[in-house]
2 protein chains.
Amino acid sequence: MPQHNKKYGQREKFYMAGKIYPDLRVGMIKVNLTPTVTVDVDGKRHIEPNAPVYIYDTSGPFSDPDVKTDLRKGIERIRQPWIDSRRTSGQGTTQMACAKAGIITPEMEYVAIRENMNCEELGIKTHITPEFVRAEIAAGRAVIPANINHPESEPMIIGRNFAVKINTNIGNSATSSSIEEEVDKAVWSCRWGGDTLMDLSTGNNIHETREWILRNCPVPVGTVPIYQALEKVGGRVEDLTWEVYRDTLVEQCEQGVDYFTIHAGIRLQNVHLADNRLCGIVSRGGSIMSKWCLLHNRESFLYEHFDDICDIVARYDVALSLGDGLRPGCTADANDAAQFAELDTLGELVTRAWAKDVQTFIEGPGHVPMHKIRENMERQLSHCHEAPFYTLGPIVTDIAPAYDHITSAIGAAQIAWLGTAMLCYVTPKEHLALPNKDDVRTGVVAYKIAAHAADLAKGHPGACVRDDALSKARFEFRWRDQFHLSLDPELALQYFEEAGHTDGEYCTMCGPNFCAAKLTHDLRKLNKKNGTDA
Amino acid sequence: MPQHNKKYGQREKFYMAGKIYPDLRVGMIKVNLTPTVTVDVDGKRHIEPNAPVYIYDTSGPFSDPDVKTDLRKGIERIRQPWIDSRRTSGQGTTQMACAKAGIITPEMEYVAIRENMNCEELGIKTHITPEFVRAEIAAGRAVIPANINHPESEPMIIGRNFAVKINTNIGNSATSSSIEEEVDKAVWSCRWGGDTLMDLSTGNNIHETREWILRNCPVPVGTVPIYQALEKVGGRVEDLTWEVYRDTLVEQCEQGVDYFTIHAGIRLQNVHLADNRLCGIVSRGGSIMSKWCLLHNRESFLYEHFDDICDIVARYDVALSLGDGLRPGCTADANDAAQFAELDTLGELVTRAWAKDVQTFIEGPGHVPMHKIRENMERQLSHCHEAPFYTLGPIVTDIAPAYDHITSAIGAAQIAWLGTAMLCYVTPKEHLALPNKDDVRTGVVAYKIAAHAADLAKGHPGACVRDDALSKARFEFRWRDQFHLSLDPELALQYFEEAGHTDGEYCTMCGPNFCAAKLTHDLRKLNKKNGTDA
């Protein structure tokens, strides 16, 4: 971790306490900056301090040098006392139930503190109070995924009136990866900034892989339960039944999965809408359920048993992520009848989930050219009653395999600005192979960029503090401060050092005579002197 | 080059002739695709051909296996006969002069053919005719940079009613790089898709480096002449004079530079507007001219001699790129008074340039958060009379050094969609070091993505042909076709092969049971059979 490295000694783990719940310890990264030193034309030195910057931190205990972690034992169960207390007090199980009852849970105060990144210290006003969090959850506009059996997870909130979040996907398939690799990738993705983690494993050892991930994961974990259900019936779609699926749900609820992607929006009557598409159905869950519907010529058991599903997950406060099984798989198929018909169904399902106090968000595409992005966001908000939107990308052109973290970051930034609450990351290997650790890092950073760009555009409280502190450090040649403040301090430092740079007042890019920053400093000295002389 | 590699044997160099000028040979890349083979439920094979796809090609003779290139001799001077013919016929020197006189030059027909990528063959209508090109140039809405002394350059057009273009920067500084490296980078950037090339060298051997680049460069070359002028006066800003600058312009015009960035928009009265900025002035040319104005307490010689500059460049048909010397260097400084005051001056200058038939475009920022991008584009169009806009990025957040190709591709795609005609690429090393060849490749591909995404959103004729062909290939497991059609066939293939993939009907990402594409094909067979049986 950066802060374990002497070079990054100025980053430190920092905890803020709650006011309603004084025992809360909300982890952040505090970046301590060096002062600004200027020398005026008369040779006099001026020293001005630079205020520390607080950064939203998803790495959990792994970035705290005072905490010893052991993957075999799992990390601290920080939410256990709150969960126990709710159980004995007879409060509702789900955050939504509590919110509707007017109760501000510890999770709600935790996310309020977390979102604000200590911006009050800088005098920046914020709309994000614990009460605001409660109200947003009660209205269904925000979700805190928080299975009572995943007490290791640090509370985080998904909603468009909060910082944009990113999800990372990991998981093995029948032909790749080991458990250790996947757990290592999970911790790694949190280190770089992943806000939630989906385990999409479809191969062997699904249950055991997930157990290891959950016990070590400081962020909410999501799954697509149909994958494990299909494994249970030997990969034969026609043999899938409600009973097998229900048992899988219970198994995963018990284990601690925080949210499920459920493709209950696939309706028998809509499957044929994808017939004339260029790329058909590209959602794995969507294609499985479509095949099931056609083979049996009936509505899917997910749609028919949707209320039963809600009853199960409500007991654990597992959130639902209503999957877009008919999402477009290429820009040519974007915004078509199949996609929007499913979105309408998801809008119907979200109200049924809310009736049972189940926290719910809606999945979105996929592949969408830029001029069709806005329509997606507007339809989702209106047809799904402002439930949070969770989109994959979208990828805005199909011609760049090996660079789809970029094709999709372009779309992700735009849709997040328009109101998407969480972005599912895409790595450079999308469409080509499963990601390795380097790909996870690249994908996460690309998506942190998209999410943060949207936070800036939306005016998230204090979002620009980090940008402005970094820009000031850059302009003042405080190179180390610049790196401490950046999304990937190590890569920035590596590029800088490989070029043979030192900490001087210019660099090899322009050389001393052509450094605009240096010239500006000269100008300002000149102005000051002229001002004094005048 | 891909087409020299056996693995990419299905890409070939292809030339189209003109109708007005039958001798024109407009180079493109033709991608020959394999047919689609399907097997129905009864085991019957169906074979359907896939139409070839034509790709805009900037690599010049270097991608033609039938042409022998020798860097010491330079490439073919394809425009020489047209230039000679205009000289003897007494036609105007600049493309704008010809356009205003109603003359369609060979360059104009060349770019019309080039823009359309043979889309007529597919029955796609296009608004881009030679006459349309002429009219756009006459109106100042488009520019063909084409110095009469750079006949090696293949004509290309910059204007918002044409495909979005990208510029790449290369160049050594006092502390880095050799001539060979820079020439190699120039050819390399054209290979990956750079439409124009700026040589920003500031170190030794400026003249010689440029000569080598020009004689081997199939795309227009731009420079910032103040850099060389400053070298001539030993780096002392105060010693810069109109005479030194004028001689430098003439020297570079004679050599064949196609466009000059001129920071004539810096006005004495506006320099102080940048005083309270977070990052001051970050344009090298802008900071030089600002310092000059303050040191001499007078208007810059660039502004005062702007008409003289136009008279010089008009004799060679060198285009002007009016530099934004006060562009913001961080998101905090975006859209401020300094930036917009300069833009107003550039609007005044563009009309003066047009009066002398000088082709002109306008440079733009820089660093702009997403919510402030639109204002930039709209002000530029209205204040600069629809002259083409040429922006650097913009970078939409400052917190990601080492990833600024991504922070800026996000902004570039948006501003290009809104009307920017050319994007100046940014590499991962921006703010940290000078780019090496890998960085150039990454930067170019990131910007080809942004430009193409904008072409799709704007509905450039036939832009989606390539996307749709690639998507179809992906869906049909024609992996090789998919790679031939992609922006970086080699990297896509590398990722694919490293994962141990073969050309089968699924891959290691999902495995056979979870392949949505495979499931969709099964569904379609099922549908067909049911349809037949019914």
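Description of the structure in this document. As the structure is a prediction and not an experimental result, all values here were calculated from the model. (Residues numbered from 1 in each chain as written. Chains lettered and ligands numbered in written order. Predicted model: local features only at pLDDT ≥ 70, side-chain atom pairs only at ≥ 80, totals over all residues. Heavy atoms only, no water.)

What follows covers helix H14 (residues 373-383) of chain B. Residues and elements named next belong to chain B. Among all positions in H14, only Ile373, Asn376, Met377 and Gln380 are buried. For H14, the angular spread of the buried residues around the axis is 90°, confining them to a single face. Close packing links the buried residues of H14 with helix H13 (337-355), strand E13 (360-364), strand E14 (389-392) and helix H15 (404-418). Directly after H14, the chain includes His385, whose backbone phi takes a positive value near 60°. (Buried < 20%, exposed > 50% of the residue type's maximum accessible area, 1.4 Å probe, protein only. Helix = DSSP H or I, 4+ residues; strand = E, 2+ residues; numbered from the N terminus. Arc of directions from axis to C-beta. Contact = heavy atoms within 4.5 Å.)

At a minimum axis separation of 9 Å, helix H14 (residues 404-418) of chain A and H15(B) run at an interaxial angle of 65°. Judged by the angle between their axes, H14(A) and H15(B) are roughly perpendicular. Here H14(A) and H15(B) pass one another in a crossing that is right-handed. Here A:His405, A:Ile406, A:Ala409, A:Ile410, A:Ala413, A:Gln414 and A:Trp417 of H14(A) come into contact with H15(B), specifically with B:His405, B:Ile406, B:Ala409, B:Ile410, B:Ala413, B:Gln414 and B:Trp417. Classifying every residue of the contact of H14(A) with H15(B) gives 10 nonpolar, four polar and no charged. (Axes fitted to C-alpha atoms, helices over the stretch in contact; angles between N-to-C directions. Parallel < 35°, antiparallel > 145°, perpendicular 65-115°, else oblique. Left-handed = near helix turned anticlockwise from the far one by under 90°. Nonpolar A, V, L, I, M, F, W, Y, C, P; charged D, E, K, R; others polar.)

Bringing the packing of aromatic side chains into the picture now. Residue and element names in this part refer to chain A. Tallied over the full model, the rule gives 26 aromatic pairs over all chains. On the basis of an interplanar angle of 75° and a centroid distance of 5.6 Å, the ring pair of Trp188 and Trp192 is categorised as edge-to-face. Of this pair, Trp188 and Trp192 are both found in helix H5 (residues 179-192), four residues apart, which corresponds to roughly one turn of the helix. By relative accessible area, Trp188 is classed as buried at 15%. We classify Trp192 as buried; its relative accessible area is 6%. Three or more aromatic residues link up through ring pairs in this structure, and these residues are Trp242, Tyr245, Trp292 and Phe301. The ring of Phe340 carries Arg379 above its face, with NZ or CZ at 4.1 Å from the centroid. (Phe/Tyr/Trp six-rings, centres within 6.5 Å; stacked < 30°, edge-to-face > 60°. Lys NZ or Arg CZ within 6 Å of the ring centre and 35° of its normal.)

We now examine the sheet that holds E14(B). Residue and element names in this part refer to chain B. Reading around the circumference, E8-E9-E10-E11-E12-E13-E14-E15 is the order of the eight strands in this closed barrel, with parallel pairing throughout. Adjacent strand axes in the sheet meet at a mean angle of 25°, parallel and antiparallel pairs treated alike. Pairing geometry for strand E9 (residues 196-199) and strand E10 (residues 221-223), over two bridges, is parallel. Paired with Leu197 across the bridge in E10 is Val221. Docked against the sheet, helix H8 (residues 242-255) engages E10 and strand E11 (259-262), running at close to 155° with respect to E11. (Pairing = 2+ DSSP bridges.)

Any link to function would need more than the numbers given here.
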